[in-house]
Amino acid sequence: MTNLKGKTALVTGASRGIGRASALALAKLGAQVLIHYGSAAKEAEEVVAEIRKSDGKADAIAADLAAADGPHKLARQVRSIVGDRLDILVANAGVAKSASIEETTVEDFDRLFAVNVRAPFFLVQQLLPIMHEGSSIVLLSSLAAHAVVGSLPAYAATKGAIDTLVKHFSSALGARGIRVNAVAPGVVATDMSSFTKTNEGRDYALGLQTFKRIAQADDVGDAIAFLASSEARWITGDTIHVDGGSKL
Ligand SMILES: NC(=O)c1ccc[n+]([C@@H]2O[C@H](COP(=O)([O-])OP(=O)(O)OC[C@H]3O[C@@H](n4cnc5c(N)ncnc54)[C@H](OP(=O)(O)O)[C@@H]3O)[C@@H](O)[C@H]2O)c1
């Protein structure tokens with residue numbers, strides 16, 4: 001895949017899971033990567049150390065994306081490190097909560113929308129001034145936006161909102177040569193889908209897919225790196241299913 005040497009990237013929620021895998025994939029292709037985290041400072045520093053060990057460039061930056069001004073604070077930190085040029089934004093940080101309609105509280109609902117929808121929206125808004133022709137934005141959708149899996153109505157709605165934003169963002173930014181896409185993972189073995197560690201959870205996940213193994217974070221991270229690269233230069237406004245053939 002294209003060498004990303006000289007490119008700058010921000011990956012939110014890169015301390016763990018899919019964000020971490022995306023950051024490592026981008027760094028492997030040569031990009032300088034900003035490793036954003038919420039509270040897992042130690043894990044984020046480990047990702048930075050891993051990238052630097054292979055002569056890559058990385059820095060960790062913290063911001064609470066549940067806070068209304070979190071994206072604005074994060075964008076200021078990004079600009080203080082990369083200056084006026086951001087090539088790749090992966091808005092990956094997210095939260096999930098399994099709860100039925102009856103069990104979902106207003107607080108849960110607001111938090112899900114704050115982290116999963118409001119934060120990516122305002123992060124894009126705040127970073128647009130330093131994005132340019134050839135920049136790529138990747139958002140995180142989910143299988144849950146397109147199929148009923150588990151009991152996740154509020155979470156699923158946040159991911160449906162992401163699919164809508166992809167269309168509007170890509171339409172608005174195409175004339176500037178900025179691409180906007182999303183990936184929609186199925187079940188991936190991360191902290192968010194820790195149910196895959198039980199036999200019952202594993203069987204449930206495998207029952208959704210045509211591929212009979214559980215996805216690892218790098219199965220999605222590599223697809224995100226592809227979308228960020230110039231090999232994907234003609235892809236915009238799309239949500240790519242990265243789910244091992246789930247719910248076919
Ligand atoms: N895993 C799956 O099965 C799956 C399936 C479909 C879609 N997705 C989507 O993929 C993305 C990544 O999921 P994952 O499974 O990798 O999740 P994960 O392992 O739980 O990691 C979540 C990441 O988001 C960050 N984060 C959460 N709340 C935050 C906040 N308030 N402020 C700042 N950062 C915050 C965390 O930072 P800290 O570590 O610092 O707390 C962490 O780095 C999410 O958008 C998720 O909805 C996941």
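Definitions and cut-offs
- Residues numbered from 1 in each chain as written.
- Predicted model: local features only at pLDDT ≥ 70, side-chain atom pairs only at ≥ 80, totals over all residues.
- Heavy atoms only, no water.
- Helix = DSSP H or I, 4+ residues; strand = E, 2+ residues; numbered from the N terminus.
- Rg over C-alpha atoms; globule rule 2.2 N^0.38 Å.
- Near = heavy atom within 4 Å.
- Polar contact = N/O pair within 3.5 Å; in protein donor to acceptor, adjacent residues only side chain to side chain.
- Areas by Shrake-Rupley, 256 points an atom, 1.4 Å probe, with all protein chains shown as cover.
- 1 Å grid on protein atoms, 1.4 Å probe; cavity = no way out; pocket = protein on both sides within 12 Å on 5 of 7 lines; lining within 4 Å.
- Sits in = over half its atoms within 2 Å of the grid points.
- Nonpolar A, V, L, I, M, F, W, Y, C, P; charged D, E, K, R; others polar.
- Points joined across faces, edges and corners; volume = space filled by probe spheres on them.
- Salt bridge = Lys/Arg side-chain N within 4 Å of Asp/Glu carboxyl O.
- Buried < 20%, exposed > 50% of the residue type's maximum accessible area, 1.4 Å probe, protein only.
- Contact = heavy atoms within 4.5 Å.

A. Representation of the overall build of the protein chain in the model. A tally of helices and strands in the protein chain yields 7 helices and 7 strands. Mapped from its N terminus to its C terminus, the protein chain presents α and β elements in the order β-α-β-α-β-α-β-α-β-α-β-α-α-β. At 17 Å, the protein chain has a C-alpha radius of gyration in line with the 18 Å of a compact globule built from 248 residues. Structurally, the protein chain occupies a C-alpha span of about 45 × 35 × 35 Å along its principal axes.

B. Structural view of the site of the ligand. Around the ligand there are 34 residues in total, and Ser-15, Arg-16, Tyr-155, Thr-190 and Ser-193 lie nearest to it. Here a nitrogen atom of the ligand and a side-chain polar atom of Asp-64 are 3.1 Å apart. A distance of 3.5 Å separates a nitrogen atom of the ligand from a polar atom in the backbone of Ala-66. Summarising the interface, the protein chains cover 94% of the accessible area of the ligand, which totals 900 Å² for the free molecule. Taking a 2 Å distance to the grid points as the criterion, the majority of the atoms of the ligand fall inside the largest pocket. Contributing elements (two or more residues each) for the shell around the ligand: helix 1 (17-28), strand 2 (32-37), helix 4 (106-127) and helix 5 (153-173). Residue composition of the shell around the ligand, grouped by class: 16 nonpolar, 13 polar and 5 charged.

C. Quick peek at the layout of surface pockets. Approximately 1,100 Å³ is the volume attributed to the largest pocket. Taken together, 46 residues make up the lining of the largest pocket; nearest its centre are Gly-94, Val-95, Ala-96, Thr-190 and Met-192. Of all the elements in the fold, those that place two or more residues in the lining of the largest pocket are helix 1, strand 2, helix 4, helix 5 and helix 6 (199-208). For the lining of the largest pocket, the leading source of residues is helix 1, giving 3 residues. In the lining of the largest pocket, the residues fall into 23 nonpolar, 17 polar and 6 charged.

D. Geometry of the pattern of salt bridges. One pass over the structure, following the stated rule, counts 8 salt bridges. Across the pair Glu-50 and Arg-20 runs a salt bridge, and its minimum N-O distance is 3.0 Å. Of this pair, Glu-50 sits in helix 2 (residues 41-53) while Arg-20 sits in helix 1, placing them 30 residues apart in sequence. Overall, the relative accessible area of 32% leaves Glu-50 in the partly exposed class. A relative accessible area of 32% means that Arg-20 is categorised as partly exposed. Across the pair Glu-46 and Lys-42 runs a salt bridge whose closest N-O atoms are separated by 3.2 Å. In this pair, Glu-46 and Lys-42 both sit in helix 2, 4 residues apart, roughly one turn of the helix. The exposure class assigned to Lys-42 is exposed, which follows from its relative accessible area of 61%.

E. Broad picture of the side chain of Ser-142. Checked against the element boundaries, Ser-142 lands in the loop between strand 5 (136-140) and helix 5. The class of Ser-142 is buried, set by a relative accessible area of 8%. At a separation of 2.9 Å, a polar atom in the side chain of Ser-142 contacts the main-chain amide nitrogen of Ala-144. Leaving out residues up to four positions away in the same chain, Ser-142 has contacts with Tyr-155, Lys-159, Val-183, Ala-184 and Pro-185.

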